[in-house]
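Examination of the molecular architecture
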Amino acid sequence: MYPELGQLALIIGLLLAVLLATVPLAGAMTGRDSLQAFARPLSAGMFVFTGLSFAVLTHAFMVDDFSVAYVANNSNSMLPWYYKFSAVWGGHEGSLLLWILMLAGWTLAVAIFSRKLPSVMVSQVLSVMGMICVGFFLFIIITSNPFERILPNIPADGRDLNPLLQDIGLILHPPMLYMGYVGFSVAFAFAIAALINGKLDAAWARWSRPWTTVAWSFLTLGIALGSWWAYYELGWGGWWFWDPVENASLLPWLSGTALMHSLAVTEKRGVFKSWTVLLAIVTFSLSLLGAFLVRSGVLTSVHSFANDPERGTFLLALLGITVVCSLTLYAFRAPVVHVRSRYGTLSRETFLLLNNVLLVAATLLVALGTLYPLVLDYLNMGMLSIGEPFYNATFSPLAVAAGLLLGAGIFSRWKKTDGGWMGRKLLWPLAVSILVTAAVMLNYGGFAPWAFAGVFAAAWVTLATVWDLWDKSASRKGRWHGLKRQSRSYYGMVLGHLGMAMVMAGATVVSNYGIARDVRMVPGGSADVGDYTVVFNYIGERQGPNFTAQYGEFDVFLDGRQVASLHPEKRNYPVGMSVMTEADIDAGFFRDVFVAIGERISDEAWAIRLQYKPLVRWLWLGSLIMAIGGFLAIADKRYRIRVKAKAAASSGENAQPVGAKPSEAGT
Amino acid sequence: MKRLMLFLPLVLALAVGVFLAAGIGNDPTELESARVGKPVPEFSLESLHQPGEMLDQSVFQGEVSLLNVWGEWCPACWDEHEYLMWLANDKGVRIIGLNYKDQRENAFRFLGRLGDPYQTIIFDPRGSLGFDLGVYGAPETFVIDAQGVVRYRHVGVVNERVWEEILLPVVNQARGNS
């Protein structure tokens with residue numbers, strides 16, 4: 001009975017979405033306030049019914065209702081409750097429902113937090129969100145109904161959740177990632193509304209910025225969680241595989257990063273308007289492309305859901321309609337700017353433009369690598385897959401170049417920067433970066449060109465950022481006062497850049513100085529990895545809730561002193577007939593020691609994989625810091641005093657934030 | 001003229017769309033190989049275990065076998081390996097390995113850690129046999145009958161379900177005919 005209610009709720013959600021897509025927009029076109037007033041209640045209603053539907057599906061999982069096909073395929077009565085909960089989004093249909101729930105959630109958030117925007121703008125933005133919702137509601141209802149029943153032969157038990165997904169990382173990874181993907185729809189909706197209005201002004205950029213930043217922060221967390229999960233769960237200690245689906249999440253991240261920076265220029269200086277609006281469209285389209293690649297089965301990947309041509313066609317149609325409509329609108333409505341240089345050759349604008357060029361180049365590169373097999377296939381030129389070497393050879397130089405520009409760009413000023421002054425500013429960071437890099441090389445023992453470039457870029461970004469903070473916080477009333485005077489958005493930027501530097505340092509050091517050894521070990525024996533000695537104590541069996549495991553104990557020694565005791569496992573999940581390697585890791589700020597159990601070689605001996613991973617944690621810690629930076633930036637005062645600025649913005653071009661006290665501000 | 005430039009993104013997007021649309025029909029996990037129904041292409045490649053010893057298409061003669069394309073660099077191959085071990089040890093299936101675009105030491109490390117289900121392993125560092133077979137990427141598994149004719153091609157990981165539902169019927173049919 002309940003599952004049918006869930007489906008009904010979805011259908012009501014679709015109807016509300018159709019209304020949301022049309023009524024407020026009609027109101028905006030005809031200028032009728034009564035129709036525009038429907039936008040917020042419709043958004044709220046749509047969210048409530050989607051939430052209801054999601055709750056029903058969750059309930060079906062919790063009570064083991066195996067008459068629902070999706071539950072039977074993705075759960076099992078032996079599964080612990082928290083994995084039953086995360087299994088809700090463990091397969092195609094449920095994860096799609098989660099996606100829609102988030103889409104409805106973002107729509108509601110826009111409805112709530114945009115009370116002070118002009119009514120016409122809100123109506124248009126919410127209508128565009130409604131259109132996107134219509135597409136996804138149709139998709140789930142027509143091709144991927146999560147509530148489909150298996151009647152009358154109800155299976156006695158479920159097929160179990162894929163053991164790879166039975167993990168904390170996987171409980172969190174998809175929701176974060178989807179928050180990011182779907183969040184870019186807000187920037188997209190603002191861009192479309194601005195194009196319809198023909199008002200691509202500073203106010204539009206200011207409204208889009210916090211939404212873009214939040215979505216970007218979630219996406220950063222989502223990608224980092226995925227990478228962290230792959231690292232400890234897949235059992236071989238890699239953290240990025242250039243898998244098509246990983247790339248699909250990296251694409252909107254790269255263009256979203258470009259968008260964030262470009263929006264800043266548009267807001268502050270009123271230039272790059274057409275470029276910014278294009279990036280907003282492209283970023284959301286890439287999110288949709290990601291959904292398409294994962295769910296259509298055109299590319300094989302460890303992440304792929306079950307392949308179904310019908311779904312692929314539907315999603316492609318959805319993607320096509322979105323892209324064609326928005327880009328056509330763009331082509332007709334985007335302002336053609338006359339080349340009239342409003343900024344000097346050496347200026348913050350130029351640096352941010354170069355940053356955009358590099359990020360877009362990186363986006364194109366990853367897109368090329370991901371779609372290349374499809375193109376070759378189409379042209380009947382045979383099948384080829386592009387591996388890691390392609391990305392390493394092309395992506396690394398771009399990343400290093402972006403880092404070098406970033407470090408220099410921090411000292412640049414809007415409009416015009418004095419070259420000599422900037423050169424003098426950069427001298428010290430340059431000298432110290434070289435020293436730091438040399439020290440790192442010495443410490444890890446050995447010079448490698450790419451290690452040098454990567455570490456140097458990371459040190460350079462860090463030093464320039466800190467130097468700038470030091471300069472800016474100079475105050476007659478003391479350092480602390482100066483530090484407090486800086487805005488939250490400035491600190492957001494500082495954290496974002498420091499996080500980026502950490503990721504670069506981590507990626508470079510772990511790739512160049514990490515050690516992986518596959519050794520044959522018998523209980524009682526020992527092996528070395530880097531400076532560490534690993535002693536194999538024993539191996540035994542243990543029983544888990546829905547698996548049996550071989551369970552080893554390894555002690556890790558450094559200079560004769562024990563630093564850790566590790567317990568890696570090899571789990572056997574009988575229901576799905578699958579074996580999982582659970583590595584155990586002694587995690588540290590500066591290094592991880594990683595032990596995984598492989599195959600039994602003989603009665604006594606086991607193949608053991610030992611890894612020494614310097615700075616690997618920096619990858620995820622840096623990502624976390626970047627995301628925190630994003631959240632901090634949107635907590636800035638000026639977004640809270642938008643209230644009055646908005647009134648000014650709707651009447652004139654150059655809105656100046658007026659002196660409203662934060663206490664007066666509503667949302 | 002400038003306005004025309006703004007149509008450029010649309011044109012590019014449409015071009016990409018063509019490729020994506022073309023990709024939908026050809027589900028890569030069910031790629032028809034041009035080779036199905038034809039003999040294994042002629043080749044002469046070294047054995048992985050015995051450098052210097054040359055193998056050719058005659059290794060497939062006489063018994064139905066699976067030809068499994070793998071490499072140490074391929075994450076999905078690590079996943080799949082458990083099942084190959086199970087097929088070779090519990091089901092007695094004859095599996096020939098094609099070590100594809102790999103290095104010897106890496107391949108040995110992989111086998112040392114996960115076990116060796118292969119009766120013979122063809123070492124194909126440059127992917128020449130893979131190319132002739134139309135290999136899309138690792139892992140792929142071909143069913144080859146006792147006359148050395150390719151009967152079926154499976155792209156992606158082999159697991160219990162794939163074996164039971166897809167490969168076993170083809171293998172049984174191939175065994176029946178010979």
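Predicted, not measured: the structure shown is a model, and the values here were computed from it. (Residues numbered from 1 in each chain as written. Chains lettered and ligands numbered in written order. Predicted model: local features only at pLDDT ≥ 70, side-chain atom pairs only at ≥ 80, totals over all residues.)

1. Brief notes about the overall build of chain B
Assigned secondary structure in chain B consists of six helices and seven strands. Evaluated residue by residue, chain B yields a buried proportion of 40% over its 178 residues. Across chain B, contacts joining residues at least 24 apart in sequence account for 72% of those joining residues at least 6 apart. (Helix = DSSP H or I, 4+ residues; strand = E, 2+ residues; numbered from the N terminus. Buried ≥ 20, exposed ≤ 12 C-beta atoms within 10 Å, placed from the backbone. Contact = placed C-beta atoms within 7 Å.)

2. Observations concerning the overall build of chain A
Secondary structure summary: chain A contains 21 helices and 10 strands in total. Relative to a compact globule of 667 residues, whose C-alpha radius of gyration would be 26 Å, chain A shows 27 Å and is just as compact. Projected onto the principal axes, the alpha-carbon positions of chain A cover approximately 80 × 75 × 55 Å. Residue burial in chain A is summarised as follows: out of 667 residues, 54% are buried. (Rg over C-alpha atoms; globule rule 2.2 N^0.38 Å.)

3. Considering the packing of helix α3 (residues 39–62) of chain A against helix α7 (residues 119–143) of chain A
Residue and element names in this part refer to chain A. Between α3 and α7, whose axes approach to 10 Å, the crossing angle comes to 30°. Relative to α7, the element α3 is oriented roughly parallel. Along this stretch, α3 crosses α7, giving a crossing that reads as left-handed. Contact with α3, carried on its side by A39, S43 and M46, involves V122, S123, L126 and C133 of α7 and no other residues of that element. Broken down by class, the residue content of the contact of α3 with α7 amounts to five nonpolar, two polar and no charged. (Axes fitted to C-alpha atoms, helices over the stretch in contact; angles between N-to-C directions. Parallel < 35°, antiparallel > 145°, perpendicular 65-115°, else oblique. Left-handed = near helix turned anticlockwise from the far one by under 90°. Nonpolar A, V, L, I, M, F, W, Y, C, P; charged D, E, K, R; others polar.)

4. Some remarks on the sheet that holds strand β3 (residues 65–70) of chain B
Residues and elements named next belong to chain B. Taking strand neighbours across the sheet as the criterion, the five strands line up as β5-β4-β3-β6-β7 in an open arrangement whose pairing is mixed. Here the strands that pair on one side only, and so sit at the sheet edges, are β5 (120–124) and β7 (150–155). Recorded for the sheet is a direction-independent mean angle of 20° between the axes of neighbouring strands. (Pairing = 2+ DSSP bridges.)

5. Considerations on the environment of G506 of chain A
Residues and elements named next belong to chain A. Relative to the elements of secondary structure, G506 occurs in helix α18 (residues 488–513). Classification of G506 by C-beta neighbours within 10 Å gives buried; the count is 24. The spacing of G506 and L632 is 126 residues in sequence and 23 Å in space, taken between C-alpha atoms. If we skip the residues at most four places from it in the chain, G506 touches L615, V616, W618, L619 and G622.

6. Remarks on helix α6 (residues 92–113) of chain A
Note: α-helices contain 3.6 residues per turn, so residues at a spacing of three or four share the same orientation. In a regular helix each residue adds 1.5 Å, so 22 residues correspond to 32 Å; α6 of chain A covers 31 Å between its end C-alpha atoms and thus fits that length. Across the 22 residues that make up α6 of chain A, a large majority, 18, are buried. (Expected span 1.5 Å × (residues − 1).)

7. Some thoughts on the pairing of strand β2 (residues 526–529) of chain A
Residue and element names in this part refer to chain A. Where β2 meets strand β3 (residues 532–543), four bridges bridge the pair, whose relative direction is antiparallel. Across the sheet, residue V529 finds its bridge partner in β3, namely Y532. What sits between β2 and β3 in their antiparallel hairpin is a turn of two residues, with G530 showing a positive phi close to 60°.

8. Comments concerning the sheet that holds strand β9 (residues 591–600) of chain A
All names here are of chain A. Reading across from one edge, β1-β10-β9-β8 is the order of the four strands in this open sheet, with antiparallel pairing throughout. Single-partner strands in this sheet number two, and they are β1 (515–521) and β8 (584–586). Here the average twist between neighbouring strands, direction ignored, is 20°. Strand direction decides the pairing type here: β8 and β9, joined by three bridges, are antiparallel. Bridging across to β9, D584 finds its partner in V595.

9. Structural notes on unusual backbone geometry
All names here are of chain A. Phi is positive for F272, which is not a glycine, with a value near 60°. The topology assignment puts F272 in the loop between α10 (244–269) and α11 (273–296). Taking the number of C-beta atoms within 10 Å as the measure of exposure, F272 has 22 and is therefore buried. Although it is not a glycine, L615 sits at a positive phi angle of roughly 60°.

10. Notes on the packing of helix α15 (residues 419–444) of chain A against helix α16 (residues 449–472) of chain A
Residues and elements named next belong to chain A. Packing of α15 against α16 brings their axes to within 8 Å, and their N-to-C directions diverge by 135°. Between α15 and α16, the angle is such that the two are oblique. Crossing hand, α15 versus α16: right-handed. Packed against α15, whose contacting residues are P429, V432, S433, V436, T437, V440 and M441, the element α16 presents A451, F452, V455, F456, A459, W460, L463, A464 and W467 at the interface. A per-class count over the contact of α15 with α16 returns 14 nonpolar, two polar and no charged.

11. A closer look at the pairing of strand β4 (residues 95–100) of chain B
The side chains of a regular strand alternate between both faces of the sheet. Residue and element names in this part refer to chain B. Burial of β4 is extensive: five of the six residues sit out of reach of the surface. Inspection of the sheet shows β3 paired to β4 by five bridges, in the parallel sense. Its bridge partner being in β4, N68 is matched across the sheet by G97. In terms of handedness, the path from β3 via helix α3 (residues 75–90) over to β4 forms a crossover that is right-handed. For β4 and β5, the ladder comprises five bridges, and the chain directions are parallel. Residue pairing for β5: N99 is matched across the bridge by F123. A crossover connection joins β4 to the parallel β5 through helix α4 (residues 104–114); in handedness this β-α-β unit is right-handed. (Right-handed = clockwise from strand over helix to strand, strands pointing away.)

12. Considering the confidence of the model for chain A
For chain A, per-residue confidence averages 86 on the pLDDT scale, and residues scoring 70 or more make up 90% of the total. In the predicted structure, residues 642–667 of chain A sits below a pLDDT of 50 and forms 35 contacts with residues beyond four places in sequence or in another chain. (pLDDT = per-residue confidence, 0-100.)

13. Section: the environment of F49 of chain A
All names here are of chain A. Positionally, F49 belongs in helix α3. Expressed as a C-alpha distance, the spacing of F49 and L101, which sit 52 residues apart in the sequence, is 9.2 Å. Look past the residues within four positions of F49 in its chain and what remains in contact with it is A9, I12, G13 and L16.

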